[in-house]
Amino acid sequence: MAINTDKNSYTILFAAIMVIVVGSVLSFVASAFNDKIQKNKRLEKQQNILYAMGINENEDEGSVNFVPTNKVADEFSKYIKQQLVIEGDKVTEDNEAYLIDIKKQETAAKSGAVRKLPLFIGEKEGKKFYIIPMYGKGLWDAIWGFISLDQDLVVQGVYFDHKGETPGLGANIKERFFMDDFEGENILNDSEFIGIKVTKGNNDPTNNTKNDNKVDALAGATITGNGVSAMIKESVNLYKGYLEKIKAKK
Amino acid sequence: MGLLSKKDANLILDPLADTNPITVQVLGICSALAITAQLKAAIVMALSVLFVVAMGNVVISLLRNIIPSKIRIIAQLVIAAALVIIVDQILKAYAYELSKTLAVFVGLIITNCIIMGRFEAFALGNGPWRSFLDGIGNAAGYGLILIVVGFFRELLGSGTLLGFKVLGDPIEKTGLYAIGYENNGFMLLPPMALIVVGIIIWIQRSRNRALIEEN
């Protein structure tokens with residue numbers, strides 16, 4: 001039986017059936033793999049949090065090396081002593097705080113809800129780390145990361161990631177040579193909170209001054225860099241109340 | 001090749017050399033430049049494209065008599081895109097790290113000219129078995145170049161192969177590094193991939209002069 005494939009009605013019918021068939025195949029595939037993909041994402045988050053507090057397999061120089069995925073769950077429960085959720089003045093403990101979607105919380109906060117702020121307290125060799133998740137905008141799309149502070153609110157490490165910054169330029173925010181510069185930087189100027197600025201021409205390209213609240217920018221990635229500055233400032237600012245208490249307690 | 005007739009065998013063998021999609025037809029160059037800094041990424045990309053072209057060719061070939069010619073390009077795109085999404089999901093589930101390295105390039109397999117080229121030029125006019133072989137052949141030709149380029153870029157750029165330090169340790173100064181050898185960081189940048197591909201094209205054409213175009 002020869003079908004007249006040139007008829008408009010046939011063309012439309014074919015397109016409709018094709019879309020339905022392909023659509024259902026894809027949704028089947030998506031739900032089949034969903035569990036595994038979610039698990040990978042959870043492990044990745046744990047790796048990132050640990051990375052920010054200096055638990056990683058980095059060598060002296062070179063590339064970013066996370067704790068391997070088969071070990072990360074154990075290491076996470078070993079080093080992360082407390083996971084807190086801060087809601088206004090209320091602070092509760094929640095072992096799944098790291099799964100809180102900070103982007104959703106931000107949207108909810110805009111419509112008046114009290115924002116849930118996750119905070120992770122890690123401990124390594126007797127030293128406490130306060131790890132704050134961050135979320136912001138780069139040039140093309142979302143950027144996010146984690147910043148870990150000690151009791152004096154000095155940065156102990158950061159991790160940045162991005163969805164679609166320009167490879168070779170903005171995408172370099174997730175490279176060691178950029179992230180390592182944040183270590184030891186102050187987010188306070190004397191006692192005032194000002195965050196850390198990613199800036200050009202601060203006469204300190206090798207980043208020797210740790211008290212200037214400045215980190216050398218990436219060439220060709222001004223807007224991504226500004227995004228990082230804004231992200232640190234806005235995200236950490238949300239925790240200001242809690243952090244001040246930590247500092248005062250010391 | 002007892003399994004295949006000579007004509008069928010040529011469907012696989014020709015694209016490896018004389019009609020190679022990258023070095024002769026110069027298709028799919030963009031992905032060849034982007035993901036060949038590491039051998040592992042090159043191999044995964046080659047396998048992903050192999051899956052998409054071979055499966056896509058078979059599907060298109062099976063549907064070739066019922067696809068309306070007015071919307072055949074769209075139908076090809078939908079099939080390529082669906083297969084790419086499947087590959088992407090599989091990578092995310094079983095090779096998450098790698099899927100982050102390949103990131104947008106997996107998505108960009110859809111726009112890889114080799115795929116649409118084979119669908120349009122071959123699968124629409126041939127049976128499923130021959131289309132399958134043609135897909136395997138072309139993807140293998142593409143993958144072969146990717147792997148060769150990836151091999152040299154990772155070896156000369158990072159001194160490693162599949163992550164193993166084959167030339168010694170650059171920090172500890174062992175192996176080749178003990179006598180003053182340095183990694184060439186330039187090999188890791190996309191322009192060097194183009195130069196490596198250029199060298200392969202040069203070697204291939206000097207061995208097979210029939211490929212040189214007349215002016």
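Residues numbered from 1 in each chain as written. Chains lettered and ligands numbered in written order. Predicted model: local features only at pLDDT ≥ 70, side-chain atom pairs only at ≥ 80, totals over all residues.

## Comments concerning the overall build of chain A
Applicable threshold: We count a stretch as a helix when DSSP gives it H or I for four or more residues in a row; a strand needs E for two or more, and each element gets its number in order from the N terminus. By the criterion used throughout, residues are in contact when their C-beta atoms, derived from the backbone, lie within 7 Å.
The helix and strand tally for chain A stands at 6 helices and 10 strands. Within chain A, contacts between residues at least 6 apart in sequence are counted, and of these 57% link residues at least 24 apart.

## Let's talk about helix α5 (residues 222-237) of chain A
Residue and element names in this part refer to chain A. We apply this condition: The span expected for a helix works out to 1.5 Å for each residue beyond the first. Exposure classification rests on a simple neighbour count of other C-beta atoms within 10 Å of a residue's own: a residue reaching 20 or more is buried, one at 12 or fewer is exposed, and one in between is partly exposed. C-beta atoms are placed from the backbone. Directions drawn from the helix axis to the C-beta atoms are what define this arc.
Compared with the 22 Å implied by 1.5 Å per residue over 16 residues, the 22 Å span of α5 between its first and last C-alpha is a close match. Looking at α5, one finds that the buried residues are Thr224, Gly225, Gly227, Val228, Met231, Ile232, Ser235 and Val236. Down the axis, α5 shows its buried residues gathered within 155° of arc, on one side only. Buried residues in α5 make contact with β4 (127-137), β5 (142-149), β6 (155-162) and β9 (197-199).

## Observations concerning the interface of chain A and chain B
In plain terms, the rule: Any residue outside Ala, Val, Leu, Ile, Met, Phe, Trp, Tyr, Cys, Pro, Asp, Glu, Lys and Arg is labelled polar, Gly included; the first ten of those are nonpolar and the last four are charged.
With 19 residues of chain A at the contact, the number on the chain B side is 16 residues. In terms of residue class, the side of chain A that touches chain B is made up of 12 nonpolar, 3 polar and 4 charged.

## Examining the nonpolar core
For the record, the criterion: Buried Ala, Val, Leu, Ile, Met, Phe, Trp, Tyr and Cys residues whose C-beta atoms connect them within 7 Å together make up a nonpolar core.
Counting residues in each nonpolar core, the largest one holds 46 residues, and the members touching the most others are Met45, Val49, Val52, Tyr142, Leu146 and Val149 of chain B. Of the residues forming this core, the biggest block, 11 residues, is contributed by helix α3 (residues 39-62) of chain B. Not counting chain neighbours up to four residues away, the residues in contact with tyrosine 142 of chain B comprise Pro21, Ile22, Gly28, Ala46, Val49 and Ile114 of chain B. Grouped together as the second largest cluster of nonpolar side chains are 41 residues, Leu50, Met53, Tyr130 and Phe160 of chain A included.

## So, the confidence of the model for chain B
Residue and element names in this part refer to chain B. In plain terms, the rule: The predictor rates its confidence in each residue with pLDDT, a number between 0 and 100.
This prediction gives chain B a mean pLDDT of 84; 97% of its residues lie at or above 70. Per-element averaging of pLDDT across chain B places helix α5 (residues 96-107) at the bottom with 76 and helix α7 (residues 128-158) at the top with 90. Model confidence for the complex: the whole-complex pTM is 0.74, and ipTM, which rates the interface, is 0.72.

## Overview of the packing of α7 of chain B against helix α8 (residues 190-207) of chain B
Residues and elements named next belong to chain B. Rules: To get an axis, a line is fitted to the C-alpha atoms, and for a helix only the part in contact is used. The angle between two axes follows their N-to-C directions and goes from 0 to 180 degrees. We call two directions roughly parallel when the angle between them is under 35 degrees, roughly antiparallel when it is over 145, roughly perpendicular when it lies between 65 and 115, and oblique otherwise. Take the far helix as the reference: if the near one is turned anticlockwise from it by less than a right angle, the crossing is left-handed, and if turned clockwise, right-handed.
Packing of α7 against α8 brings their axes to within 10 Å, and their N-to-C directions diverge by 120°. Judged by the inter-axis angle, α7 sits oblique to α8. The hand of the α7/α8 crossing is right-handed. Between α7 and α8, the contacting residues are Ile145, Val148, Val149, Phe152 and Arg153 on the first element and Met192, Ala193, Val196, Val197 and Ile200 on the second.

## Quick look at unusual backbone geometry
All names here are of chain A. For glutamate 125, which is not a glycine, the phi torsion comes out positive at approximately 50°. With respect to the element layout, glutamate 125 can be found in the loop between β3 (116-124) and β4. The class for glutamate 125 is exposed, based on 5 C-beta atoms found within 10 Å.

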